[in-house]
Structures are given as C-alpha cells and as structure tokens.
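For reference, the chains in residue letters:
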Amino acid sequence: MTEIIELRPDKSLMNSAFEKYQFSSEVIPIISENKLKSHVYRLESNHNQESWLEARLFAFHNHLFNNVYDMSCWFIDETSAVWRLDKEGSLDQVYKLHTDTDLSKIIYNPSIGFTSNNILVISDGGENLHMLITSTGESKKYFLMNSIEPGIIMNVQYVEKSSKIVVIMCTIAVDDNQKKYTQLILLSYNLEYVEDKIGNIYCIDKQILKVQGTVDYAYLEKNGNYLHSICQDNINFEKNDTQETETEVKLPNSQIKIPNYHWSQDEESLTIWVKIPKQYNNKQPKINVKPLELSVTIDNEILIQGECQYRLEENMATWRQKEDILQIDLSKYESGLMWSELIKNDTGGEYLPNETLSAEIHEKLAHLCTDQQDVRGDQPCVGFNVEQLEECDLEGKDNFLQRINLLTQATTHLARLGSNNHVLFTCKRKHGQMVCLRCDHDACVWIIGNADDNTQWNLKHVHSFPGFGYVEASKTNKKFCVSPIDGSYIAIIEHARHVFLYEKPDIGEKIAKQRIVDLDCQASPIMGVVATNKYLIVLSKDKLYRLQICT
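Residues numbered from 1 in each chain as written. Predicted model: local features only at pLDDT ≥ 70, side-chain atom pairs only at ≥ 80, totals over all residues. Heavy atoms only, no water.

As recorded in an unreviewed UniProt entry, the protein goes by NudC domain-containing protein 1 and comes from Pogonomyrmex barbatus.

Rendered as structure tokens:
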C-alpha cells in the first residue's frame, strides 16, 4: 500500500525576518581560465525533436559533470576527447570515445555518470555506453556496451551486495498515437571478477518506465531495489524483452487525483469549496466553527473535521451552495497571518493560490532580487518583472515525488508537490541526493536518503533560502541553477556571460549578499557549471573558468 507523505518544512529553518538579497560589490576572483584545445561538443536538436520534452533536454543540458567521490569535473569536446579537471585545477585528457560511430545514431548530447568503487559511465548520446573502472591497485579498464537505447544518463549506482552497476537513462519516445512521452530505462550490468579483478561486464536486466510529462529527478538507492523520482504523472512499467505484461503503478486517486476539498485565503479570510455527495444534495450542511477547530457535516457524513493551523473567529461563517459545490467563508482571528494548511496533518485538501494576493506579494517582494545597493520609491529593480513571475507561477501539471519498489513495481511512498513547488536544483552526494524545491516564495533544500526497509523513507529538510523562489523566477535568461553540497550559496547562471551568487542567510538575518560575475564572453555560450564548497567551475564553448567563492 502506498504511504502518502507530506513534505513539511522545518519551521525552525524558515526565516520570516528576511528582507532581501542585497547587491555586494565584493569581487569573486577568477583564479584560472583554461583555453580549450577544441570546442565543447554540443548537439543541436533536429527537425524530429521539436516537442517541449525534447526542447528541455537540449536547452538545459549541463555539459560539465561533477564526480562527488573525488570532486573532479568532466566534459567532452568536439574530437570526442574526455577531459578531467581535478580539484587542484589540473586539466587532463583521460579517454577518447570511439570516432567510428555512425553519426546518424547520435540522438542526444553525451552525458557522464559516476558511482562508488571508482566507476564512471559515459553515454555518447547514441547506442554506446563506455564504462571506465579505476579500482585501487588496478590500472584503468574500459568496457564498451553497445546496442542500447540512446538517452541521457540521470544516475549511476554501484550495488555492492550483488556486484552490479545500474544506469538510469532518460529518453523521449513516441506512443502508438504519435504522442511523445518520457522513458526511464534502467540497465543493470553484472561485474564478472577474475582473480579479484574485473574481467568482464555484461547486461543482466532492463526495465523501462513510462511517464507522460517531465522527469526532473531520478535516483536509485544503494541497495538497487528502490527508485526515487520527481515527475508529472503516474509511472508505468512497460513490457520489454523479459516482461510479458505491463503493470501500472497506481496512485491513490481518492487522495491525490481528486482532493476532498479546495481552499484559498487572503489576509483577512479563508474560503473553502467542498463537493457534496449526490445523496446529500438536498440536505442542509452543519458547520461548526471554534477558535481552533472546524467541522463540516451533512446528515452525519463528515466532509471536513480537525484542528486548524491558527485561530478562527468563532461562529463567524457564511456558506452558499451551487449545485453540488458548498462554499464556506471563514474569518481569521489574526489578520495578515498566512496559513500553510487548513487542517493540521490533513493531506486531503488542495490549496488554490489567491491571484489578487499573489500579485500583492509579488510587488512586496520585488526588492528580493535587486542588483542594486538600495531601492527607493519608484526606482526599478534590475532583472525583475512581475509579469515574468506570474508566467512562472501559472498552474501546470502537479509534480509527484515517488519511491518505487522495482521488485514489486509498486509505489511505496508518494508526496504531492503541487504545480508551483517545482525543482530548483538537485545536487548529488556520496550517499543520497540533495533536492531543492520551491515552497511558496522560499527555496527549501531536502536530503533524500536511502531507506533501510520498505516502511521508512529518510527525507530531511536541512536549510532554506528565504524569498529565493521569486528571485529565481525573475531570471528569465537563466540556464542553470546549482548549489554546493554544504548549501552555503546558490548560483544562477545565464545563457551567456553572467553569474549571480546568493549566499544563504543565517536564521534571523534580514539581508544576505548577492554577488555578480561578468565572464565577458558574449560570443561564447555557457555550456555547463559545477558548484563546490570552495569553487564555481563554469564551462563555456571554448574556456573553462574556476571562480573562487571562499578562501
């Protein structure tokens, strides 16, 4: 049975006193600038790859890949050479992809994934996977896996217990109705040892997962049995060479697809909409409002009941019924206090943003993303436009965070993120991954770890960037959003030239620094970026920059 979970930010990590990210003239030094021997390899989409799903894959592809196990950075140039920048700043060529590949079979940009035990996997964007293994006391070994489905590597995991490597690939496919959708392909490879050394690698399993919509995050637990994902729809297990039937991972419709009620708010009041069961259409509702409790019943049928998050004006409720929809208006006891939930610990309701209130909040928080020392009166804010924020905040398809048992093909845990709380960035760690989600106007960073069994899932809110949701939305020329493992800052990188850095304020601080770097490379688009605790590494078409963030 699927356990419905709710990602509740830790209130002690939220900063309600924060006011703005203020421009700082403090210089971020570029400590190295390597001129590349050949341009970074970049494949443009072809005339058959014009869907929105494919546009996302190509437009936001990060061509710089971080190995968190030794903090090196990797990229591939136009000669198919694989380059490695170590943590000391030394740039070396370590491998070269085969150049006799049929170019017509190269569909996506190349990608690299890393896992423990000194194993890395390279996809050439076509039908080949290259596995490089540099185990301790063993010289480098290279294995070529061919005839795979072309795609982008999202995650690589070494499962120590079974001595296998699992590669998660993302690709775009076409169904029978010529509609495009996202596929996650899980390829499992067995490592065959000869005298304690890897002698051969061969494929032992393939699983194909189908998603109608985007996939922003995919991660395999270290035991190899559970998949984490953030996507926009149900996940179906498609049949493949070893499967006879197709199994759908069912979402609990009563709690996810059809909310029990909807609610909205402004600074003074709350509005609730409840769907009345057909058998009670001619019955009078009974609405009981106490300072910290609300109940709505019809003929002993409970529609809403529970403890409210904050106080209500007692017995001050009005209601009206139109067809099978009951609308209830309540008054807040504390004017101006915004609620994050109507009923405590109730996941059956869905919050609907108040458009008028949202516009007011946009206006009040405009100063958060100013690039100037101070903003007074009608002075404009650089890089901020209310219309751009409203475009970002338009409701789309809901996102779901899921944990799936790959053995039973069942969803064990599921959290509904809504359509606005989208992924701002992900950051790979040695154990588990870090995911930053927009939560209202803040950015909340979660560590999604491995679970010990089928019943517990480790999700921990570790820190927050107040107001950053609006800052990120204002950067319409944004290409990448990244953060280091220690979460000390977030960097927004534009398509060309500019880098914006926002430091994480301590709890209670009202102002945090915003710094800007001008790389002065208008003619050379930014192709990739990696954030570390000490450096920000930026890859353009022909240069590799290393910026020192802290000493």
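Turning to the overall build of the protein, a few remarks are in order. Across its full length, the protein carries four helices and 40 strands. For the protein, the proportion of its 551 residues judged to be buried stands at 51%. For the protein, the proportion of contacts with a sequence separation of at least 24, taken over those separated by at least 6, is 57%. Total accessible area computed for the protein in this model is approximately 26100 Å², and 45% of it derives from carbon and sulfur atoms. (Helix = DSSP H or I, 4+ residues; strand = E, 2+ residues; numbered from the N terminus. Buried < 20%, exposed > 50% of the residue type's maximum accessible area, 1.4 Å probe, protein only. Contact = heavy atoms within 4.5 Å. Areas by Shrake-Rupley, 256 points an atom, 1.4 Å probe, with all protein chains shown as cover.)

Another point: the pattern of salt bridges. Taken as a whole and judged by the stated rule, the model has 18 salt bridges. As a salt-bridge pair, Asp542 and Lys35 come within 3.3 Å of each other at their nearest N and O atoms. Of this pair, Asp542 sits in the loop between β39 (535–540) and β40 (543–548) while Lys35 sits in strand β3 (residues 30–35), and the two are 507 residues apart along the sequence. Relative accessible area serves as the criterion here: at 58%, Lys35 is assigned to the exposed category. Of the charged contacts, one joins Arg42 and Glu44 as a salt bridge, the two residues approaching to 3.4 Å between their closest N and O atoms. (Salt bridge = Lys/Arg side-chain N within 4 Å of Asp/Glu carboxyl O.)

The residue Thr532 is located in the loop between β38 (526–531) and β39 in this model. A relative accessible area of 10% means that Thr532 is categorised as buried.

A few words now on the packing of aromatic side chains. Under the definition given, this model contains nine aromatic pairs. Members of the aromatic cluster, each reached through a chain of ring pairs, are Phe18, Tyr21, Phe465, Phe468 and Tyr502. Note that Arg311 overlies the ring of Tyr333, its terminal NZ or CZ placed 4.5 Å from the centroid. In this structure, Lys475 is placed above the aromatic ring of Phe500, and the distance from its NZ or CZ to the ring centre is 4.0 Å. (Phe/Tyr/Trp six-rings, centres within 6.5 Å; stacked < 30°, edge-to-face > 60°. Lys NZ or Arg CZ within 6 Å of the ring centre and 35° of its normal.)

A few words on the environment of Ser340. With respect to the helices and strands, the residue Ser340 is situated in the loop between β26 (325–332) and β27 (349–351). Looking at Ser340, the relative accessible area reads 53%, which means it is exposed. Each C-alpha atom, one on Ser340 and one on Gln309, is 7.9 Å from the other, the two residues being 31 residues apart in sequence. In contact with Ser340, not counting residues within four places along its chain, are Trp263 and Gln309.

Non-glycine residue Ser147 carries a positive phi angle of around 60°. Mapped onto the elements, Ser147 comes out in the loop between β11 (141–145) and β12 (152–159). A positive phi angle is found at Arg497, which is not glycine, with a value near 80°. Within the fold, Arg497 resides in the loop between β35 (489–494) and β36 (498–503). Residue Arg497 is classed as partly exposed on the basis of its relative accessible area of 23%.

Another point: the nonpolar core. Counting 21 residues, the largest nonpolar core has Tyr261, Ile272, Leu294, Ile304, Leu330 and Leu342 as the members making the most contacts within it. Those elements giving two or more residues to this core turn out to be β20 (261–265), β21 (269–275), β23 (293–298), β24 (301–307) and β26. The residues contacting Leu330, other than those within four sequence positions of it, are Ser269, Leu270, Ile272, Val289, Leu294, Leu312, Met316 and Ala317. Among the nonpolar cores identified, the runner-up in size contains 20 residues, and Ile119, Ile133, Tyr158 and Ile201 belong to it. (Core = buried A, V, L, I, M, F, W, Y, C linked by side-chain atoms within 4.5 Å.)

Let's shift gears to the side chain of Ser188. Here Ser188 is to be found in strand β14 (residues 180–194). With residues near it in sequence (within four places) discarded, Ser188 still touches Lys164, Ile165, Val166, Tyr202, Cys203, Ile204 and Asp205.

With that settled, the discussion passes to the sheet that holds strand β33 (residues 459–465). Pairing is antiparallel across the open sheet formed by four strands, whose spatial order is β30-β31-β32-β33. Unpaired on one side and paired on the other, β30 (423–428) and β33 mark the two borders of the sheet. Put simply, the sheet's adjacent strands are angled 25° from each other on average, direction ignored. Bridge count between strand β31 (residues 433–439) and strand β32 (residues 442–448): seven bridges; the pairing is antiparallel. When the bridges of β32 are listed, Arg438 appears paired with Ala443. (Pairing = 2+ DSSP bridges. Axes fitted to C-alpha atoms, helices over the stretch in contact; angles between N-to-C directions.)

The next point concerns helix α1 (residues 52–59). Buried residues of α1: Leu53, Glu54 and Phe58, and no others. One face of α1 carries all of its buried residues, which in axial projection span an arc of 125°. In the core, the buried residues of α1 are packed alongside β13 (164–174) and β14. (Arc of directions from axis to C-beta.)

Our next topic: the sheet that holds strand β9 (residues 119–123). Read across the sheet, four strands follow the order β8-β9-β10-β11 without closing on themselves; strand pairing throughout is antiparallel. Where the open sheet ends on each side, the last strands, each with one partner, are β8 (111–115) and β11. Each neighbouring strand pair of the sheet contributes to a mean axis angle of 20°, computed without reference to strand direction. Direction of pairing for β8 relative to β9: antiparallel, over a ladder of five bridges. Considered in β9, the bridge of Ser111 is made with Ser123.

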